[in-house]
Amino acid sequence: MGRAESLVLIVVLGALVFGWRRLPGAVRDLGRARRILKAEAQALRDDVPLPPNRTITADPADVVERRTGS
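All figures in this text were calculated on a predicted structure; none of them were measured in a lab.

(A) Molecular detail of the pattern of salt bridges. For the structure shown, the criterion picks out one salt bridge. We note a salt bridge from Asp 29 to Arg 32, for which the minimum N-O separation is 3.2 Å. Of this pair, Asp 29 and Arg 32 both sit in helix α2 (residues 23-47), three residues apart, roughly one helical turn. Take Asp 29: its relative accessible area is 45%, and that puts it in the partly exposed class.

Below, the structure written as structure tokens:
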């Protein structure tokens, strides 16, 4: 199913559920909710610092035994 077909299907289902007169308001509310969710997700990403990158090094002498995959 192509992108245009999916969009037509969503509009038709929205018209059936909400009715033609309420469809623009429903789409507007959905867009507003999407923008709010996007802004809140960005705020969460900005608030939480990323952990520093860690590099794990090992010498061959550190390996005690070698396991083979079964």
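(B) Expanded view of helix α1 (residues 3-18). Counted at 1.5 Å a residue, the expected span for α1 with its 16 residues is 22 Å, and the 22 Å between its end C-alpha atoms agrees. Gly 19 occupies a position one or two residues after α1 and carries a positive phi of about 90°.

Procedures and definitions
Residues numbered from 1 in each chain as written. Predicted model: local features only at pLDDT ≥ 70, side-chain atom pairs only at ≥ 80, totals over all residues. Heavy atoms only, no water. Salt bridge = Lys/Arg side-chain N within 4 Å of Asp/Glu carboxyl O. Helix = DSSP H or I, 4+ residues; strand = E, 2+ residues; numbered from the N terminus. Buried < 20%, exposed > 50% of the residue type's maximum accessible area, 1.4 Å probe, protein only. Expected span 1.5 Å × (residues − 1).

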